[in-house]
Amino acid sequence: MAFRDEAVVPALECRGLSKQYGAGRVVLARLDFTLGPGEFVAIMGDSGVGKSTLLNLIAGLDSADSGDVIIDGSPVAQLDDNAATRLRRQKLGFVFQAFHVLPHLTLAQNVALPLLLNELPTAGALDMLAAVGLGGRGDDFPRQLSGGELQRVAIARALVHRPKLILADEPTGNLDPDTAHEVLSLFRTQSKATGAATIMVTHSEAAAAVADRILILSDGGLHASPAKHALSADPFSRDTPARSADNAR
Ligand SMILES: Nc1ncnc2c1ncn2[C@@H]1O[C@H](COP(=O)(O)OP(=O)(O)OP(=O)(O)O)[C@@H](O)[C@H]1O
Ligand SMILES: [Mg+2]
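Reading the values: the criteria
Residues numbered from 1 in each chain as written. Chains lettered and ligands numbered in written order. Predicted model: local features only at pLDDT ≥ 70, side-chain atom pairs only at ≥ 80, totals over all residues. Heavy atoms only, no water. Phe/Tyr/Trp six-rings, centres within 6.5 Å; stacked < 30°, edge-to-face > 60°. Helix = DSSP H or I, 4+ residues; strand = E, 2+ residues; numbered from the N terminus. Buried < 20%, exposed > 50% of the residue type's maximum accessible area, 1.4 Å probe, protein only. Pairing = 2+ DSSP bridges. Axes fitted to C-alpha atoms, helices over the stretch in contact; angles between N-to-C directions. Contact = heavy atoms within 4.5 Å. Near = heavy atom within 4 Å. Areas by Shrake-Rupley, 256 points an atom, 1.4 Å probe, with all protein chains shown as cover. Nonpolar A, V, L, I, M, F, W, Y, C, P; charged D, E, K, R; others polar. 1 Å grid on protein atoms, 1.4 Å probe; cavity = no way out; pocket = protein on both sides within 12 Å on 5 of 7 lines; lining within 4 Å. Points joined across faces, edges and corners; volume = space filled by probe spheres on them. Core = buried A, V, L, I, M, F, W, Y, C linked by side-chain atoms within 4.5 Å. Expected span 1.5 Å × (residues − 1).

Draft legend 1. Representation of the packing of aromatic side chains within the structure. Counted according to the given criterion, the structure contains two aromatic pairs. Here the aromatic rings of Phe40 and Phe187 are separated by 5.4 Å at their centres, their planes lie at 75 degrees, and the arrangement is edge-to-face. Highlighted residues: Phe40 in strand β3 (residues 40-44) and Phe187 in helix α6 (residues 177-194), separated in sequence by 147 residues. In this structure, Phe40 and Phe187 share a single accessibility class: buried. Taking the centre distance of 5.9 Å and the plane angle of 10 degrees together, the rings of Phe94 and Phe96 count as stacked. Owing to a relative accessible area of 25%, Phe94 belongs among the partly exposed residues under this scheme.

Structural data, given as structure tokens:
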């Protein structure tokens, strides 16, 4: 694959990542993982297995007991606090289950936040809103939106500053299946359009099916999913053959 080429810097590398809580509650055990630029990966696994913990370690919201997180070629642990914060601000985007759209800001202001934090021109916020189907709604407030629309705002905000890596924790967990399908298709399309690599944690096989590959977190490590080709009751069956071919890689 392209990212195995020495010249191509992976969007993310986790090397020997270990984390345990308290005495003996091992969550991650020397986990290795490489994500190529622009790749869209779904991570599944039982509740409590450590999926959110893994995202938190990658995001720097929690610290590993050992191992390295390397984002776009930069080993985060070797940076001082300011440099690590700057790296995350520039290179990461987040989509959460509960949207985390700020209620007192307009949609345009919500989406502009990562641009402001990175001292970039904020004009791109309206284009990004339009790209997620909310053109002309920049002056609306979050309370005027449906759940699916709120999550599209969250996706626009995660992508607007063109981060290398998007972390999404159950991004459609609060949406009905039809809305989830719509939002996920858009999420994938926009991630690919901006060139972001994406890690999406999900409990839904239908959601995971939009990914380039599916990994299962179990026993502290990530494993290729045997279920990738065996989605028997896929409610997203409207998807095109082109996408199915993509999934078969
Ligand atoms: N701050 C913490 N202190 C102690 N234990 C924790 C902490 N955070 C998580 N854990 C434990 O680590 C394990 C993994 O939790 P995590 O939230 O990563 O699971 P998950 O795979 O995201 O589960 P879910 O699918 O339910 O969201 C759980 O047993 C949890 O209780
Ligand atoms: Mg979780």
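Draft legend 2. Region of the structure containing the sheet that holds β3. The strand order β6-β7-β8-β3-β9-β10 describes an open sheet built from six strands, whose pairing is mixed. Edge strands, defined here as strands with exactly one partner in the open sheet, are β6 (92-96) and β10 (221-224). The mean angle between the axes of side-by-side strands here comes to 25 degrees, regardless of whether they run parallel or antiparallel. Of the strands in this sheet, β3, β6, β7 (165-169) and β8 (197-201) are in contact with α6, which crosses β3 at around 135 degrees.

Draft legend 3. Expanded view of the site of ligand 1. In the vicinity of ligand 1 there are 13 residues, among which Arg25, Ser47, Lys51, Thr53 and His203 approach most closely. For ligand 1, the protein covers 59% of the area, taking 640 Å² as the surface of the free molecule. Going through the elements one at a time, β2 (25-35) and α1 (51-59) are the ones with two or more residues in the shell around ligand 1. Considering each element in turn, the shell around ligand 1 owes the most residues, three residues, to α1. Residue composition of the shell around ligand 1, grouped by class: three nonpolar, six polar and four charged.

Draft legend 4. Geometry of the layout of surface pockets. In this structure, the largest pocket occupies an estimated 480 Å³ of space. In this structure, the largest pocket is lined by 18 residues; those nearest its centre are Leu92, Phe94, Pro114, Leu117 and Arg157. Broken down by secondary-structure element, the contributors of at least two residues to the lining of the largest pocket are α2 (81-91), β6, α3 (107-117) and α5 (147-159). When residues of the lining of the largest pocket are assigned to their parent elements, the largest contribution, four residues, is made by β6. Of the residues in the lining of the largest pocket, the class split is ten nonpolar, five polar and three charged.

Draft legend 5. Focus on the nonpolar core. Among the nonpolar cores identified, the biggest contains 40 residues, and Val95, Val111, Val153, Ile155, Phe187 and Met200 are the most heavily contacted of them. Per-element accounting of this core gives the leading share, seven residues, to α5. In contact with Val95, not counting residues within four places along its chain, are Gln151, Ala154, Ile155, Ala158, Ile166, Leu167, Ala168, Asp169, Pro171 and Phe187.

Draft legend 6. Spotlight on α5. With 13 residues, α5 should cover 18 Å at 1.5 Å per step; its first-to-last C-alpha distance of 19 Å lies within 8% of that length. Taken across its 13 residues, α5 has twelve buried, putting it largely inside the fold. If you check which residues of α5 are buried, you get Gly148, Glu149, Leu150, Gln151, Arg152, Val153, Ala154, Ile155, Ala156, Arg157, Ala158 and Leu159. Buried residues along α5 sit in contact with β6, α3, α4 (124-131), β7 and α6.

These results come straight from atomic positions and should not be treated as a statement about function.
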